[in-house]
Amino acid sequence: MSTPAAAALADTVSAPSSLPPAPGGRPVDDRTAWSLLDDPQEWTSFSRPVPDQPSCWESNVVFEGMHCAACALTIEDAVRAVPGVQSVTVGAASHRGRIVWSDQAVRPSDWMAAAERVGYRPLPAGDAFASERRRAETRTMIWRWGVAGLCMMQVMMYAWPAYVAEPGDMSRDMDLLLRWASWVLSIPVLMFSCKPFFANAWRDLRQRSISMDLPVALGMIITFIVSSLGTFEPEGIFGKEVFFDSFTMFVFFLLTGRWLELRMRDRTAGALEALMNRLPDSVERRRPDGGFERVAARRIAVGDEVRVLAGEAFPGDGTVTEGATHVDESLLTGESRPLARGEGSAVIAGSHNLGAPVLVRIERTGDQTRFAQIVSLMEGASSSKPDIAQLADRMARPFLIAVLVCAAGAAAFWWGHDPGHALMVAVAVLIVTCPCALSLATPAAMLAGAGTLARGGVLVRRLHALEVLATVDTVVFDKTGTLTRDAFALGTVTTRTGCSPQQALQMAAALARRSLHPVSRALVRAAGDEVAWVTDAVQEHAGAGVQGLVRRADGAQTAEPASMRLGSARFCGVDVPPTDSLHACLADEDGWLATFELLEDLRDDAAASVKALAAQGIEVQLLSGDVAPAVARVARQVGIDQDHARGGCTPQDKLDFLRAAQARGRRVAMVGDGLNDGPVLAGAHASFAFGQSVPLTQARSDFVVLGERLKTIGDSVHLARRTMGIVRQNLIWAAAYNAVCVPLAVVGWLPAWLAGLGMAASSLFVVVNALRLSARTSDPARA
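Residues numbered from 1 in each chain as written. Predicted model: local features only at pLDDT ≥ 70, side-chain atom pairs only at ≥ 80, totals over all residues. Heavy atoms only, no water.

Visitor: In this structure, what is going on with the pairing of strand 21 (residues 582–588)? I would like to understand it.
Guide: Residues in a regular strand project their side chains so that they alternate between the two faces of the sheet. By the criterion of burial, strand 21 is predominantly enclosed, with 7 of the 7 residues buried. Judged by which residues are buried, strand 21 turns out to be covered on both faces: L582, A584, L586 and D588 on one side and H583, C585 and A587 on the other are all buried. With 3 bridges joining them, strand 20 (residues 562–567) and strand 21 adopt antiparallel strand pairing. Paired with R565 across the strands is A587, a residue of strand 21. The pairing of strand 21 with strand 22 (residues 591–599) spans 7 bridges and is antiparallel. Pairing of A587 across the sheet is with W592, part of strand 22. (Buried < 20%, exposed > 50% of the residue type's maximum accessible area, 1.4 Å probe, protein only. Helix = DSSP H or I, 4+ residues; strand = E, 2+ residues; numbered from the N terminus. Pairing = 2+ DSSP bridges.)

Written out as structure tokens, the structure reads:
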């Protein structure tokens with residue numbers, strides 16, 4: 001889904017030769033196109049306000065024309081130099097960037113134009129025309145590849161006699177004729193198939209920067225010039241041999257590798273693309289007269305009633321008002337089975353209607369939907385850089401400079417022996433070295449792992465978290481809402497003399513309405529819609545309870561509002577009879593007022609999940625603010641050792657336990673509800689926010705579990721370990737490849753065509769190896 005400005009920008013960027021006309025009839029140039037996004041009303045289509053930073057926005061964009069880590073560094077340097085831009089992060093594998101900027105000092109067109117000036121076109125990440133442009137790019141690449149392949153085969157036919165003929169078998173005129181034929185067939189390869197390499201190399205020279213396309217383009221042009229001189233002047237210093245066959249072959253191999261790499265990269269980052277493209281472009285909205293009109297999905301507002309046909313996606317969060325169907329929420333909740341939705345059922349933006357047309361009343365749109373929050377988290381992950389990837393990026397430019405120096409040295413060394421051979425040795429050095437494999441080794445694997453987890457219902461907020469999770473040897477679970485379900489049922493209510501259970505429940509619910517804790521939600525559900533009491537000055541204490549001033553809603557009571565506390569007995573400052581059931585206390589200035597017994601339900605896969613973690617050599621701990629007997633009972637049910645289960649823990653107790661474990665050298669992952677366990681989640685090496693009730697923008701964790709399956713925790717650890725194994729394999733391969741092939745090229749034992757094949761294969765290897773993590777199986781961790 002895109003705005004009109006984004007659509008105009010897409011047209012401008014994708015078809016610069018036929019730019020959309022301006023109001024005065026003149027074509028729109030790139031700068032005018034970028035300025036369309038300077039309207040603040042357009043910012044929400046690709047940006048979001050930064051929390052706690054007034055006037056700051058975070059934009060997510062896709063950069064066209066990137067091929068390696070050096071490209072990412074060039075973009076970062078150019079955009080960061082624009083006044084008002086606070087931070088820039090560009091992912092070499094995902095081609096996505098995250099830009100934080102101040103609307104008081106800069107406009108989007110300023111930093112977009114800066115990226116355009118260094119040769120990389122920025123596009124809004126949510127642009128609806130991205131897939132169309134990608135298809136057009138792929139078609140053009142296939143044409144270039146086809147021309148190179150066809151000409152390569154013909155040139156090889158003309159080159160073959162020179163390889164097999166014995167002295168005297170072929171006349172000089174025939175040899176020259178074959179050279180001229182090869183030269184003619186090489187021209188389409190040079191002018192058409194090599195165009196992207198030359199364009200990127202020329203951009204590097206103009207910007208005084210360097211990327212992997214510069215040495216490749218140098219190798220191509222040197223090979224063609226040397227061979228052309230050998231054709232025009234067969235008696236000259238380069239007339240001994242021509243290399244049109246090598247030229248066409250390594251162009252063909254490089255294009256093959258780049259096309260396959262593009263396809264593989266799209267698959268590794270496919271989960272993000274699949275999510276971002278799930279919203280419809282248009283939807284049928286009910287008119288006041290009862291009819292329907294098709295409007296752009298961005299025009300849908302809260303309160304509108306829309307008709308969603310079978311096969312369409314829901315444009316916003318809402319409630320079904322008419323009809324019944326089944327929906328697919330697999331990419332949003334991790335639930336692989338179609339879910340039944342009838343009148344009164346909630347549906348979420350981005351889910352697909354599989355069965356029949358339904359009417360839906362829209363309740364949330366845009367950034368307020370869970371879909372938007374999920375996309376925000378995944379965009380942040382795709383543009384983030386793990387520490388090991390940042391190291392590889394920093395090595396990219398020095399590596400490329402070293403390649404140019406090495407090629408020049410090799411040419412100088414061999415020049416006295418044979419100038420033609422010397423230049424072809426330099427070409428082989430330029431072509432065979434591959435920083436691309438080194439820079440893709442880490443992010444390709446991590447993006448593939450993050451995409452696989454996303455399909456399984458686990459969002460990775462920071463790619464670096466996968467690296468840390470792979471080293472975890474201890475997992476700490478919270479109990480309430482994690483090992484047990486979010487929902488509780490209210491049991492027995494015990495009250496102080498003079499206060500009825502219903503009155504106590506209404507007062508407790510008044511405080512609980514200001515809290516997202518599962519216990520609070522249970523009390524609110526039990527109290528119903530009646531609002532007999534209202535509150536003021538409410539404060540929630542994470543992991544302890546809620547306190548505030550409570551007074552009658554109807555004003556019948558003239559006394560001052562009563563100060564009350566709702567939460568654990570310790571928080572309320574009261575003593576209650578020991579019990580092994582979950583309960584919450586309500587207290588006022590006079591002390592204990594009521595105790596609410598809550599019945600909890602253990603998750604079906606809790607025991608199996610704990611067993612799976614133990615099978616991976618991970619120690620499982622249980623920390624809870626609930627009373628010790630209740631915690632011990634749950635620990636027995638799920639198979640956690642009693643020595644590893646502690647009850648009555650405050651958030652500080654949990655944090656102290658975490659720090660003590662870390663001091664002993666343990667690598668700890670915390671699994672909690674994302675809000676009340678905030679301090680300990682932030683202090684853990686890795687953390688999971690569990691439960692669909694958690695507002696994703698507030699969840700302070702490295703991973704967010706969208707569904708209800710605890711099994712995903714163990715799967716995530718397993719997949720993180722596999723991911724880092726793939727990363728190590730890729731890094732070893734990239735380092736070994738360059739260590740072996742560069743010396744072979746320098747000594748002249750590696751022909752240029754084989755160097756092109758090796759370079760393409762090296763990049764392809766790391767991407768294909770990473771793609772093993774994206775295999776579609778029922779268990780994402782076993783991908």
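Visitor: Where do I start with the sheet that holds strand 10 (residues 325–328) in this structure?
Guide: Neighbouring strands of a sheet are bound in pairs by backbone hydrogen bonds; such pairs are parallel or else antiparallel. Spatially, 3 strands are ordered 11-10-13 in an open sheet, and the strand pairing comes out antiparallel. Both outer strands of the open sheet, strand 11 (339–341) and strand 13 (352–353), are each paired with one neighbouring strand and no more. Pairing of strand 10 with strand 13 involves 2 bridges; the strand directions are antiparallel. Considered in strand 13, the bridge of V327 is made with N353.

Visitor: Please clarify how helix 27 (residues 752–771) should be interpreted in this entry.
Guide: Side chains three or four residues apart in an α-helix point the same way, a direct result of the helix having 3.6 residues per turn. With 20 residues, helix 27 should reach 28 Å at 1.5 Å per residue; the first-to-last C-alpha distance of 29 Å fits that figure. Within helix 27, 14 of the 20 residues are buried, leaving the element largely enclosed by the surrounding structure. (Expected span 1.5 Å × (residues − 1).)

Visitor: How do you make sense of unusual backbone geometry when you look at a structure like this?
Guide: Note: most peptide bonds trans; most residues except glycine with negative phi. A positive phi is found at A537, a non-glycine position, where the angle reads about 50°. Considering the arrangement of structural elements, one finds A537 in strand 18 (residues 533–541). Given a relative accessible area of 59%, A537 falls into the exposed group.

Visitor: Hey, could you run me through the nonpolar core in this one?
Guide: Where a protein is soluble and globular, its nonpolar side chains tend to be buried together. Membership of the largest hydrophobic core comes to 55 residues, with the highest contact counts inside it found for V216, M220, F247, F250, V251, L254 and V432. Looking at this core, the element that brings in the most residues is helix 15 (residues 419–432), giving 11 residues. The contact partners of F250, leaving out residues within four places of it in the chain, are G219, M220, T223, V427, I431, A752, W753 and G756. (Core = buried A, V, L, I, M, F, W, Y, C linked by side-chain atoms within 4.5 Å. Contact = heavy atoms within 4.5 Å.)

Visitor: I would appreciate a short explanation of the side chain of S228 in the present structure.
Guide: One can find S228 in helix 9 (residues 213–232). A polar atom in the side chain of S228 sits 3.2 Å from the side chain of W183. Contacts of S228, omitting those with residues within four sequence positions, involve W183 and F244. (Polar contact = N/O pair within 3.5 Å; in protein donor to acceptor, adjacent residues only side chain to side chain.)

Visitor: Help me out: how do you make sense of helix 23 (residues 628–638) in this one?
Guide: Of all the positions in helix 23, only A630, V631, A632, V634, A635 and V638 are classed as buried. Residues of helix 23 that are buried in the fold lie against helix 18 (479–483), helix 22 (606–615), strand 23 (619–623) and strand 24 (645–646).

Visitor: Help me understand the side chain of R144 in this model?
Guide: Here R144 is to be found in helix 6 (residues 130–164). At a separation of 2.6 Å, a polar atom in the side chain of R144 contacts the main-chain carbonyl oxygen of F192. In this structure R144 touches F192, S193, K195, P196 and L255, once residues within four positions along its chain are discounted.

Visitor: How should the sheet that holds strand 18 be read in this particular structure?
Guide: The strand order across the open sheet formed by 6 strands is 17-22-21-20-19-18, and the pairing between neighbours is antiparallel. Looking along the sheet, the strands with just one partner apiece sit at the ends: strand 17 (489–495) and strand 18. Across the sheet, the axes of successive neighbouring strands diverge by a mean angle of 20°, strand direction being ignored. Where strand 17 and strand 22 come together, 5 bridges link them in antiparallel fashion. In the sheet register, T494 faces strand 22, and the bridge partner there is T595. Running over the sheet, helix 19 (residues 501–512) touches strand 17, strand 18, strand 19 (545–552), strand 20, strand 21 and strand 22 and is turned about 55° from strand 18. Contacting strand 17, strand 20, strand 21 and strand 22, helix 20 (residues 518–527) runs over the sheet at an angle of about 90° to strand 22. (Axes fitted to C-alpha atoms, helices over the stretch in contact; angles between N-to-C directions.)

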